[in-house]
Amino acid sequence: MIPIGWYLILSAILFLIGVLGFFIKRNIIALLLSVEIMLNAVNLTFVAFSLQHGKISGQIFVFFVLVVAAAEAAVGLALVIAMFRNRESLNVDRSNLLKW
Amino acid sequence: MIEYVTGSEFIVLMIKIFVIFGGVMGALAYLSWLERKLMARVQMRPGPTRVGPFGLLQPIADGLKFLFKEDVIPTHSNRFLFIAAPIVSLVPALLSFSVIPFGPSLQITDLSVGLLFIFAVTSLGIYGIALGGWASNSKYPLMGAIRSSAQMISYELSLTLSVVGVLMIANTLSLAELVTAQQSTWLGIIPRWNIFLQPVAFVVYLVSAVAETNRLPFDLAESEQELVAGWHTEYSSMKFAMFMLAEYANVVTVSSLATIMFFGGWTGPMFGPALLQMALPTVWFLLKVSIFIFFYVLMRATVPRFRYDQLMRFGWKVLLPLSLANIVVTSFVVAIS
Amino acid sequence: MIQILFFFFAAIAVGAAINVLVQKHVLYSALSLILMLTAVSVLFILLQADFLAVINVIVYAGAIMVLFVFVIMLLNLPEDEDGADRLRWLKFIGIPLGLFFLVLVVTTLWNLEASPGTQPQLVGSPAAIGQSLFTDFVLPFEVTSLLILIALMGAVVFAKRDL
């Protein structure tokens with residue numbers, strides 16, 4: 001039997017790695033990948049709690065998170081392609097034309 | 001969901017794994033022999049005849065050749081991905097055999113979501129092609145890989161949607177239960193196979209399966225006339241053999257799924273003494289799978305190739321609406337009756 | 001036995017996630033993310049959510065990540081250049097802060113035990129999920145179809161060469 005706390009700790013570690021990636025990386029696609037890591041960690045938390053309370057709604061919610069992640073990945077990558085066509089680089093630091 | 005196997009059950013499981021995977025690997029090697037002989041006969045020539053009687057030792061000779069050939073890795077290629085791509089292609093293709101029921105108790109494991117498991121590992125096999133084309137660092141493989149992966153993910157949609165009708169009738173995702181749901185007969189003679197209940201789904205499934213495995217008439221991504229050899233241009237010896245094995249394994253997997261879902265799997269008339277009756281389900285299953293494999297090879301020998309835009313248009317504008325319409329009609333019929 | 005499985009796949013998940021950050025070329029990061037997704041799917045199976053595990057592989061690792069890999073391969077990006085910018089010192093502050101947060105979370109959650117008494121039985125079978133999805137959650141389900149349609153239109157519009 002695995003205590004529920006272990007799954008939550010693992011999910012916290014994964015979420016933290018996602019957050020760190022979001023802060024550290026400069027490539028836009030790497031930022032999107034870090035967001036996917038965070039969403040996966042949240043999925044793991046939902047499923048762990050769904051088992052602990054014995055209700056299926058935790059797993060249902062994971063479905064919706066999956067759908068939102070798919071939609072966001074599609075639109076995000078389309079934006080990345082548009083950005084790349086414009087300025088030939090995927091570095092977020094190069095997209096600073098609005099900076100004062 | 002997780003069950004622990006200990007003691008004598010473990011030994012039985014190991015024997016099953018060895019038998020099934022050994023048989024599958026042997027069958028894949030001889031599938032290449034079958035393809036060469038059958039295509040040759042269609043083209044009015046004998047095919048391999050020199051190596052052993054009827055060329056039956058040809059796959060063994062080919063295997064030895066692949067082992068001893070020089071293994072070329074292009075200099076500017078991405079070494080790690082170049083070596084990893086055939087493995088990523090072969091392992092999912094072989095993994096799907098772990099849930100296919102070859103007989104009433106000849107199945108390595110009966111997952112409650114067995115059908116989805118096969119679709120999951122098939123969608124992981126796309127990465128082998130994409131990475132193989134990318135890692136070769138050359139234009140023909142890259143174009144071939146992109147086209148092939150785009151084709152595979154497009155036809156995966158109609159493939160999975162076409163079997164939803166069968167799932168609605170059988171109310172289960174496990175492959176063993178899909179087979180046992182087709183065991184009875186109507187009027188005592190006509191077996192209760194799903195082909196009579198879902199003919200449209202069967203046609204859509206068959207066409208999508210041919211496109212999913214990159215076989216003629218949907219193999220523009222690896223055709224000789226357009227793209228040298230597609231994504232496996234730069235591959236030689238054992239890595240090329242692994243790509244070929246993966247392709248044949250995919251063919252056998254979709255043929256097995258077609259028999260399980262539409263033609264009753266291992267069900268068939270039982271006769272004879274008890275010993276024969278133990279082996280008869282497997283014989284029926286292998287017979288039905290061989291019919292589909294023959295169909296694949298004959299289609300390769302006779303049908304011309306689709307152009308790529310025709311291929312994509314066919315997948316998205318014809319097969320996908322057809323499979324969706326099939327789902328709607330089937331759900332109405334199931335809900336009413 | 002189940003603990004060995006848990007630790008093995010948890011280690012793979014964490015290792016792959018760290019590899020996403022460490023790699024310079026973004027294609028390797030995407031491939032590590034695929035590995036992490038399959039490890040998390042196995043953890044779903046350990047949590048009695050077998051249908052969700054397979055769906056995770058089909059949708060996430062088999063479709064979303066294929067999209068990522070396609071875009072990375074078609075844009076043909078070079079490796080990330082090493083630049084000064086603002087990130088040198090961000091790394092030196094971010095990682096210790098993150099570790100501190102991690103220690104905080106771990107010490108809080110370490111003593112969380114399994115629920116007292118018997119753990120309620122949960123079977124994440126397709127039947128149970130379908131039952132709940134189409135009766136209690138049917139409205140969000142229909143709204144997600146609208147969401148996907150909007151995302152589809154948005155992706156096509158953004159990626160067009162000339163509007």
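Residues numbered from 1 in each chain as written. Chains lettered and ligands numbered in written order. Predicted model: local features only at pLDDT ≥ 70, side-chain atom pairs only at ≥ 80, totals over all residues.

(A) How the structure looks around the overall build of chain B. Scanning chain B for helices and strands turns up 13 helices and 2 strands. Whereas a compact globule of 337 residues would reach a radius of gyration of roughly 20 Å, chain B reaches 21 Å, a difference of no more than 12%. Oriented by its inertia axes, the alpha-carbon framework of chain B measures out at about 65 × 50 × 45 Å. With 337 residues in all, chain B has 43% of them scored as buried. Put simply, of all contacts in chain B between residues at least 6 apart along the chain, 78% involve residues at least 24 apart. (Helix = DSSP H or I, 4+ residues; strand = E, 2+ residues; numbered from the N terminus. Rg over C-alpha atoms; globule rule 2.2 N^0.38 Å. Buried ≥ 20, exposed ≤ 12 C-beta atoms within 10 Å, placed from the backbone. Contact = placed C-beta atoms within 7 Å.)

(B) Focus on the arrangement of the chains. Most contacts, among the 2 pairs of chains that meet, fall between chains A and C. A gap remains between chain A and chain B, which never touch, and the nearest two C-alpha atoms on either side lie 13 Å apart.

(C) Expanded view of the packing of helix α2 (residues 28-53) of chain A against helix α2 (residues 26-46) of chain C. The N-to-C vectors of α2(A) and α2(C) enclose an angle of 5°; their axes lie 10 Å apart at closest approach. The angle between α2(A) and α2(C) falls in the class roughly parallel. Residues Ile29(A), Ala30(A), Leu33(A), Glu36(A), Ile37(A), Asn40(A), Leu44(A) and Val47(A) of α2(A) lie in contact with α2(C), whose contacting residues are Val26(C), Ser29(C), Ala30(C), Leu33(C), Met36(C), Leu37(C), Val40(C), Leu43(C) and Phe44(C). In terms of residue class, the contact of α2(A) with α2(C) is built from 14 nonpolar, 2 polar and 1 charged. (Axes fitted to C-alpha atoms, helices over the stretch in contact; angles between N-to-C directions. Parallel < 35°, antiparallel > 145°, perpendicular 65-115°, else oblique. Nonpolar A, V, L, I, M, F, W, Y, C, P; charged D, E, K, R; others polar.)

(D) Structural context of helix α5 (residues 126-135) of chain B. Most of α5(B) sits inside the fold, with 10 of its 10 residues counted as buried. For α5(B), the set of buried residues is Ile126(B), Tyr127(B), Gly128(B), Ile129(B), Ala130(B), Leu131(B), Gly132(B), Gly133(B), Trp134(B) and Ala135(B). If you follow the buried residues of α5(B), they end up packed against α3 (79-95), α4 (114-124), α6 (139-162) and α11 (237-262) of chain B together with α3 (50-75) of chain C. Immediately beyond the C-terminal end of α5(B), within one or two residues, lies Asn137(B), with a positive phi of roughly 55°.

(E) Looking closely at the environment of Arg307(B). Position of Arg307(B) relative to the elements: it lies in the loop between α12 (274-302) and α13 (308-336). With 254 residues separating them in the primary sequence, Arg307(B) and Pro53(B) have C-alpha atoms 39 Å apart.

(F) Structural context of the interface of chain C and chain B. Contact with chain C, which involves 16 residues of that partner, is made by 17 residues of chain B. In terms of residues, the side of chain C that touches chain B owes the most to one element, α3(C), which gives 11 residues.

(G) Spatial organisation of the confidence of the model for chain A. Residue-level pLDDT values for chain A average 88, and 99% of them are 70 or greater. Taken element by element, chain A is modelled with least confidence in helix α1 (residues 4-24) of chain A, mean pLDDT 88, and with most confidence in α2(A), mean pLDDT 93. (pLDDT = per-residue confidence, 0-100.)

(H) Highlighting the interface of chain A and chain C. With 60 residues of chain A in contact, the opposing surface of chain C contributes 68 residues. Of all the secondary structure elements, the ones that give two or more residues to the side of chain A that touches chain C are α1, α2 and α3 (57-87) of chain A. Considering each element in turn, the side of chain A that touches chain C owes the most residues, 21 residues, to α3(A). Of the residues that constitute the side of chain A that touches chain C, the class distribution is 46 nonpolar, 10 polar and 4 charged.

(I) Structural context of the environment of Ala30(C). Tracing the chain through its elements places Ala30(C) in helix α2. Along the backbone, Ala30(C) and Val20(C) are 10 residues apart, and their C-alpha atoms lie at a distance of 7.0 Å. Aside from chain neighbours lying at most four places away, what touches Ala30(C) is Leu33(A), Met65(C), Phe68(C), Val69(C) and Ile72(C).

(J) Structural detail: the nonpolar core. Core analysis: the largest hydrophobic core is formed by 162 residues, its most contacted members being Ile29(A), Ala30(C) and Met65(C). Two domains each put at least three residues into this core: domain 1 (1-78) and domain 2 (125-163) of chain C. Apart from residues no more than four positions distant in its own chain, Ile29(A) is found in contact with Val80(A), Leu90(A), Val26(C), Phe68(C), Val71(C) and Ile72(C). (Core = buried A, V, L, I, M, F, W, Y, C linked by C-beta atoms within 7 Å. Domains from an automatic or database assignment.)

(K) Local environment of the confidence of the model for chain B. Mean pLDDT over chain B stands at 87; residues scoring 70 or higher make up 97%. Here the complex is predicted with pTM 0.90, and the ipTM for its interfaces comes to 0.91.

(L) The packing of α1(A) against α2(A), seen in detail. All names here are of chain A. Running from N to C, α1 and α2 point in directions that differ by 165°, and their axes come no closer than 8 Å. Between α1 and α2, the angle falls in the class roughly antiparallel. The handedness of the crossing between α1 and α2 is left-handed. Packed against α1, whose contacting residues are Ile4, Tyr7, Leu8, Leu10, Ser11, Leu14, Phe15, Ile17, Gly18, Val19, Gly21 and Phe22, the element α2 presents Ala30, Leu31, Ser34, Val35, Ile37, Met38, Asn40, Ala41, Leu44, Thr45, Ala48 and Gln52 at the interface. Residues of the contact of α1 with α2, tallied by class, amount to 17 nonpolar, 7 polar and no charged. (Left-handed = near helix turned anticlockwise from the far one by under 90°.)

(M) Expanded view of the environment of Ser77(B). Residue and element names in this part refer to chain B. With respect to the element layout, Ser77 can be found in the loop between α2 (58-68) and α3. Assessed through the 18 C-beta atoms surrounding it within 10 Å, Ser77 is described here as partly exposed. Between the C-alpha atoms of Ser77 and Glu234, which are 157 residues apart in sequence, the distance is 9.6 Å. Setting aside its immediate chain neighbours within four residues, Ser77 contacts Phe82, Ala135, Ser136, Asn137 and Glu234.

(N) α3(C), seen in detail. Residues and elements named next belong to chain C. A rise of 1.5 Å per residue sets the reference length of α3, with its 26 residues, at 38 Å; its end C-alpha atoms lie 36 Å apart and thus fit the reference within 8%. In the structure, α3 departs most strongly from a straight axis at Met65, where the bend amounts to approximately 30°. Counting buried residues along α3, 19 of its 26 residues qualify, which places the element largely inside the surrounding structure. Residue Asn76 follows α3 closely and has a positive phi angle near 55°. (Expected span 1.5 Å × (residues − 1). Bend = angle between axes of the 7 residues up to and from the residue.)

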